[in-house]
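Below, each chain spelled out in residue letters.
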Amino acid sequence: MRAVLSHQAVLLQETIAALKIRPDGAYVDGTFGRGGHARAMLASLGPRGRLLALDRDPAAERCAGECFGADARFVFERATLSRLAEIVDRHRLRGSIQGILLDIGVSSPQLDDPQRGFSFLKDGPLDMRMDPTTGRSAAQWLASASAREIAQVLRDWGEERYHHRIAKAIVDARRTAPLTTTSQLARLIAAAVPTHEPGKHPATRSFQAIRIFINQELAELQAALPQARDVLAPDGRLVVISFHSLEDRLVKRFMRAQARGREWPLDLPVPTAAATTAHGPTAPFTPHSSLLTPHSSLLRVIGRALRPTQAETQGNPRARSAVLRVAERLV
Ligand SMILES: C[S@@+](CC[C@H](N)C(=O)[O-])C[C@H]1O[C@@H](n2cnc3c(N)ncnc32)[C@H](O)[C@@H]1O
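On a predicted model such as this, the values are computed, not experimentally measured, just so you know.

### What to know about the site of the ligand
The full set close to the ligand counts 22 residues, and H37, D55, L81, D103 and Q110 are the nearest of them. Protein contact buries 99% of the 600 Å² of open area that the ligand shows by itself.

In structure tokens:
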């Protein structure tokens, strides 16, 4: 089953154009997924080019081995984005990376495999971890989190209007029996929400919020951006595709602040739920101290945000919320 699940790379031509690939350059694909972008990057590289790919998902690691394991230009590391600089250093590539791609979010195989527990449309264990070998699953978190904490996550990461009602319903339901499956949670949310948005499953926002929280997606991105900046070569490109307005805001503010030589983070857009993590109740994400030091401009913003064409979203509806931003390292 898992082997046949595939992912359609989003904004593929635009990404390759934005990376301005030099045939003998070194590149990083920070979110390998099923290697759609990686394949196109390798196709643009010559025999002396290199591609370092990262992903936290063991299924992505298996796919990388099967697809590109024999390609001497390619190396894969199973790691989180927040370890980007450490991994680049281990490969002695700091300062010589010509381009970094971060295609943030979940892959189609993660969403489509019921066993991963990301989908409210398919019954499966309530897991939602991109890396199921570490951290707490959604079921484990929902079994012990307070109603207040659950409501905060639903509000901050899902902009769920009925966050209080849903949180209360979860806490009430778990007194009788633990929430262990995706369909159990989806049914509970549908019953707790008084009005349904047309064309949208009532659990959409809550599932997104819980997924973002369980995987600490915003904190990961926030940690990765300055590391990407630091490891790029002069003129190297940072290309970020995001699928959530909070992520895109983070990317936009980061790139603009870096272009102006401003301190970052300023007026952090990461909401308060960042103060709790899937791994514990109070471990706020602490930005790297160098971020707080004023500096001269290190990045130049390239062009405007790009969105998929109508033709792309017709062929791949999951691309519809994608936003691509590009910046170039200056010195
Ligand atoms: C949208 S998919 C990337 C798809 C890929 N570009 C392709 O063409 O197949 C995002 C991937 O990034 C991984 N990912 C997301 N956040 C991550 C993080 N913080 N650290 C490592 N991997 C992450 C997910 O496991 C997923 O496989």
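Additional details are given in the paragraphs that follow.
### Focus on the pairing of strand β7 (residues 323-329)
Most of β7 is tucked away, with seven of its seven residues classed as buried. Both faces of β7 are covered, namely the face carrying V323, R325, A327 and R329 and the face carrying L324, V326 and E328. In this sheet, β7 lies alongside strand β5 (residues 232-242) in antiparallel orientation, the contact comprising six bridges. Directly across from S242, in β7, lies its bridge partner V323. Inspection of the sheet shows strand β6 (residues 299-306) paired to β7 by five bridges, in the antiparallel sense. Its bridge partner being in β7, I302 is matched across the sheet by V326.

### Comments concerning the confidence of the model for the protein
Of the residues in the protein, 88% reach a pLDDT of 70 or more, and the chain-wide mean stands at 90. Scored below 50 in pLDDT, residues 272-292 makes 44 contacts in the model with residues more than four places away or belonging to other chains.

### A short note on the packing of helix α7 (residues 147-158) against helix α10 (residues 204-214)
It is at 8 Å that the axes of α7 and α10 come closest, and there the two elements cross at 100°. Between α7 and α10, the angle falls in the class roughly perpendicular. Packed against α7, whose contacting residues are E149, V153, L154, W157 and G158, the element α10 presents R205, S206, Q208, A209, I210, I212 and F213 at the interface. Of the residues belonging to the contact of α7 with α10, the class tally is seven nonpolar, three polar and two charged.

### Some remarks on the sheet that holds β6
Strand order in the open sheet formed by seven strands is β3-β2-β1-β4-β5-β7-β6, with mixed pairing between adjacent strands. Both edges of this open sheet fall to β3 (74-78) and β6, since each of them pairs with a single strand only. Sheet twist, expressed as the average angle between the axes of neighbouring strands with direction ignored, equals 15°. Here helix α2 (residues 36-44) sits on the sheet in contact with β1 (26-29), β2 (50-55), β3, β4 (97-103) and β5, set at roughly 170° to β1. In the packing of helix α12 (residues 245-260) onto the sheet, contacts are made with β5, β6 and β7, and the angle to β7 comes to roughly 20°.

### Let's talk about the packing of aromatic side chains
Per the stated rule, a full pass over the model turns up six aromatic pairs. Look at F32 and F68: their rings are 6.0 Å apart centre to centre, the planes differ by 90°, and that puts the pair in the edge-to-face class. A residue pair is termed long-range when its members are at least 10 positions apart, and F32 in the loop between β1 and α2 and F68 in helix α3 (residues 58-68) qualify at 36 residues. The same class applies to F32 and to F68, which are both buried. When the centroid spacing of 5.2 Å and the interplanar angle of 50° are considered together, the rings of F68 and F74 count as tilted. An aromatic cluster of at least three residues, connected via ring pairs, comprises F32, F68, F74 and F76.

### So, the environment of Q208
Examined against the element boundaries, Q208 turns out to sit in helix α10. Judged by its relative accessible area of 26%, Q208 falls in the partly exposed class. Along the sequence, Q208 and E159 sit 49 residues apart, while their C-alpha atoms lie 9.7 Å from each other. Among all residues touching Q208, those that are not within four sequence positions of it are W157, G158 and H244.

Criteria and thresholds
Residues numbered from 1 in each chain as written. Predicted model: local features only at pLDDT ≥ 70, side-chain atom pairs only at ≥ 80, totals over all residues. Heavy atoms only, no water. Near = heavy atom within 4 Å. Areas by Shrake-Rupley, 256 points an atom, 1.4 Å probe, with all protein chains shown as cover. Buried < 20%, exposed > 50% of the residue type's maximum accessible area, 1.4 Å probe, protein only. Helix = DSSP H or I, 4+ residues; strand = E, 2+ residues; numbered from the N terminus. Pairing = 2+ DSSP bridges. pLDDT = per-residue confidence, 0-100. Contact = heavy atoms within 4.5 Å. Axes fitted to C-alpha atoms, helices over the stretch in contact; angles between N-to-C directions. Parallel < 35°, antiparallel > 145°, perpendicular 65-115°, else oblique. Nonpolar A, V, L, I, M, F, W, Y, C, P; charged D, E, K, R; others polar. Phe/Tyr/Trp six-rings, centres within 6.5 Å; stacked < 30°, edge-to-face > 60°.

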